[in-house]
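# Structure at a glance
Listed here are the chains, written in short residue letters.
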Amino acid sequence: AQSVAQPEDQVNVAEGNPLTVKCTYSVSGNPYLFWYVQYPNRGLQFLLKYITGDNLVKGSYGFEAEFNKSQTSFHLKKPSALVSDSALYFCAVRRRRWGFQKLVFGTGTRLLVSP
Amino acid sequence: KAGVTQTPRYLIKTRGQQVTLSCSPISGHRSVSWYQQTPGQGLQFLFEYFSETQRNKGNFPGRFSGRQFSNSRSEMNVSTLELGDSALYLCASSGTFDRGVHEQYFGPGTRLTVT
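Every value quoted in this text rests on a predicted model; they were computed, and no experiment measured them. (Residues numbered from 1 in each chain as written. Chains lettered and ligands numbered in written order. Predicted model: local features only at pLDDT ≥ 70, side-chain atom pairs only at ≥ 80, totals over all residues. Heavy atoms only, no water.)

Between chain A and chain B, the contact holds 22 residues from the first and 23 residues from the second. Here chain A meets chain B over a buried area of about 2100 Å², counting both sides, of which 59% is carbon and sulfur. Ionic pairing is found between Lys49(A) and Glu103(B), a salt bridge with its closest N-O pair at 2.6 Å. Taken together, chain A and chain B are joined by three residue pairs in polar contact (both at pLDDT 80 or more). Those elements that place two or more of their residues in the side of chain A that touches chain B are strand 5 (31-38), strand 6 (44-50) and strand 10 (87-95) of chain A. Grouping the constituent residues of the side of chain A that touches chain B by class yields 12 nonpolar, five polar and five charged. (Contact = heavy atoms within 4.5 Å. Buried area = accessible area lost by both parts, 1.4 Å probe. Salt bridge = Lys/Arg side-chain N within 4 Å of Asp/Glu carboxyl O. Polar contact = N/O pair within 3.5 Å; in protein donor to acceptor, adjacent residues only side chain to side chain. Helix = DSSP H or I, 4+ residues; strand = E, 2+ residues; numbered from the N terminus. Nonpolar A, V, L, I, M, F, W, Y, C, P; charged D, E, K, R; others polar.)

Turning next to the state of the cysteines. All names here are of chain A. Across all of its chains, the model carries two disulfides over all chains by this definition. Each sulfur of the disulfide joining Cys23 and Cys91 lies 2.0 Å from the other. Between Cys23 and Cys91 the disulfide shows an S-S torsion of about -60°. By sign, it is left-handed. With Cys23 in the loop between strand 3 (19-21) and strand 4 (24-26) and Cys91 in strand 10, this pair connects stretches of sequence that are 68 residues apart. (Disulfide = S-S within 2.5 Å.)

Residues and elements named next belong to chain B. Applying the stated criterion to the full structure yields nine salt bridges over all chains. A salt bridge links Arg67 to Glu75; the shortest N-O distance between them is 3.2 Å. A residue is classified by how much of its surface remains accessible, and Glu75, at 16% relative accessible area, is buried. One network of salt bridges, in which partners are shared, links Arg63, Glu82 and Asp85. (Buried < 20%, exposed > 50% of the residue type's maximum accessible area, 1.4 Å probe, protein only.)

In structure tokens form, the structure reads like this:
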């Protein structure tokens, strides 16, 4: 069975500084990996995905993530944080197999960007 | 293109009652998934429908059920409500069936409170 670990409940960073939100995964075979963001009282918004190819994936709002197969990680990064980036971030994994494979989410990491 | 819509947005029910939640996917999307989000358990997968057929099911009791109509709209039903069913219920739609590469687009959720 697949699983996702987000080891940090909260990440604090000052505006303008780089940010990293960590994610490691466990899945049999190769994964599809996703990052979503959730603002208060809202659903999840898709940020980016890794399917295949280049290990560095660029997504919405200046976010990017690096797929590292040997470390089974998919950390979310942004070179310069904004206060408006403060939200709850979820990493998710799906098995790379034919047919319907459910999306499994991590527990989420709250990002707090201070002015 | 309109996003995923969910109705109602908020609901208060008492123990023992039943509830039906509705989800309209993005136009053209045929896959609809449902998730339960709680502070303690995070995002838990309920079920996924494609072309009116349940393709995948999470580990929830039989009190939780769903269906999908020919126009891809979906409903989920929870019977004999328990206090622990209080949660944000999220619906997500995705594009055509393939090897699972498509990201899911989430609605704003229905906040269910059971008293």
